[in-house]
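# A closer look at the structure
One-letter residues, chain by chain:
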Amino acid sequence: MPFIDIHTHHQKHDSEVISIFNVLIGKNESLPIGDNQYFSVGLHPWFIDEKKFKSQLEKVEKLAYNHHCVAIGETGLDRLTKAQMSLQQKVFEHHLIIAQKVSKPVIIHNVKAQNEILEVYKKTKIDIPLIFHGFNNNQHIANLILKRGCYFSFGHAVLKNGSNASRLCQTIPASRFFLETDESETSINTIYEIVANLRNITIEQLKEIIVENFKNIFTSWK
Ligand SMILES: [Zn+2]
C-alpha cells in the first residue's frame with residue numbers, strides 16, 4: 001500500500017510514494033519526469049500576471065489534458081496577495097471550468113476567502129470535488145467546507161501541538177481527507193505517522209483510507 005502525497009513543491013522519486021507535484025504557472029513550470037510521478041497544474045493567486053493572465057490560463061488548460069496531470073491547482077483566492085480580488089475570482093472560475101472539462105479535482109489555496117471560494121464554486125455549478133489544501137483553519141470553517149461536500153488535505157501543521165490541523169485531522173470523516181507535504185521538508189511518512197497516532201489507527205489503516213479516497217476523487221489516475 002503506497003503513501004500518497006497529494007500536494008508537493010518538491011520533485012521526489014520514491015517507489016513507496018505516489019506524489020503529485022504542483023506545477024506553478026508563472027513560477028516553476030517544469031514537469032516531473034518518471035512513471036510514478038504525477039502533477040497538478042494551476043495559476044496560483046501569487047503568480048497571476050495582470051498583463052499575461054490569459055496566456056497563463058492557456059498554459060494551464062493545455063497541461064490539464066496531459067495524462068500525468070491528475071488535478072487542477074493549486075488555485076483559489078488569497079486576501080493577502082497583491083492581485084485584485086476581482087481578477088483572482090475570474091482566474092479561479094476559469095480553473096473550475098477547465099477542471100470540469102477534464103474531470104479532475106481542484107486543489108484549493110485559501111487565505112481568508114473560503115466564503116468567496118464556495119460562492120464561485122456554487123455559481124459555476126461544477127460537480128468536480130474541491131480539496132482545501134494545507135488546511136489549518138477552525139472548526140467553523142471546516143463545517144462550511146464539509147457542508148458543501150468538499151475535501152481537506154492536512155500537511156506539516158499537524159506536527160504542531162494544539163494547531164487546528166492537529167485537532168481537526170482527528171475528527172474529519174475518514175472519507176473526506178488527504179495528506180500532503182506542500183513546501184515542507186518533513187517527509188510524507190512522518191505526516192502519516194502523526195495523523196495515524198492522532199486518529200488512533202495504524203499507518204496501514206491510514207494508507208487504506210487515503211488510497212480509497214484517492215481512487216474516488218482522482219479518477220483520471222492510471
Ligand atoms: Zn502549495
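One structure accompanies this document, and this report is about it. Here the structure is a predicted model, which means the values were calculated and not measured. (Residues numbered from 1 in each chain as written. Predicted model: local features only at pLDDT ≥ 70, side-chain atom pairs only at ≥ 80, totals over all residues.)

## Brief notes about the pairing of strand S3 (residues 37–42)
The element S3 is largely enclosed, with a buried count of five among its six residues. Summarising the sheet, strand S2 (residues 17–24) and S3 pair through six bridges and their orientation is parallel. Opposite Ser 19, over in S3, you have Gln 37 as the bridge partner. Two elements, S3 and strand S4 (residues 69–78), share three bridges in a ladder whose sense is parallel. Across the sheet, Ser 40 pairs through a bridge with Ala 71, a residue of S4. (Buried ≥ 20, exposed ≤ 12 C-beta atoms within 10 Å, placed from the backbone. Helix = DSSP H or I, 4+ residues; strand = E, 2+ residues; numbered from the N terminus. Pairing = 2+ DSSP bridges.)

## Some details on the packing of helix H5 (residues 164–171) against helix H6 (residues 188–199)
Contact geometry of H5 with H6 gives a least axis separation of 8 Å together with a crossing angle of 60°. Comparing the axis directions of H5 and H6 gives the class oblique. As for the relative orientation of H5 and H6, their crossing is right-handed in sense. Contacts from Ser 166, Cys 169 and Gln 170 of H5 reach H6 at Val 195, Leu 198 and Arg 199. In terms of residue class, the contact of H5 with H6 is made up of three nonpolar, two polar and one charged. (Axes fitted to C-alpha atoms, helices over the stretch in contact; angles between N-to-C directions. Parallel < 35°, antiparallel > 145°, perpendicular 65-115°, else oblique. Left-handed = near helix turned anticlockwise from the far one by under 90°. Contact = placed C-beta atoms within 7 Å. Nonpolar A, V, L, I, M, F, W, Y, C, P; charged D, E, K, R; others polar.)

## A short note on the nonpolar core
With 61 residues, the main nonpolar core has Val 106, Phe 154 and Val 195 as its most contacted residues. Beyond its immediate sequence surroundings of up to four residues, Val 106 is in contact with Ala 71, Ile 72, Gly 73, Thr 75, His 95, Leu 96, Ala 99, Ile 128, Leu 130 and Ile 131. (Core = buried A, V, L, I, M, F, W, Y, C linked by C-beta atoms within 7 Å.)

## Overview of the environment of Ala 83
Relative to the helices and strands, Ala 83 is located in the loop between S4 and helix H2 (85–102). Under the C-beta neighbour-count criterion, Ala 83 is labelled partly exposed, with 19 such atoms within 10 Å. For the pair formed by Ala 83 and Ser 184, sequence separation is 101 residues and the distance between their alpha carbons is 25 Å. Those residues within four positions of Ala 83 in sequence are excluded, and the remaining contacts are Pro 45, Ile 48 and Gln 88.

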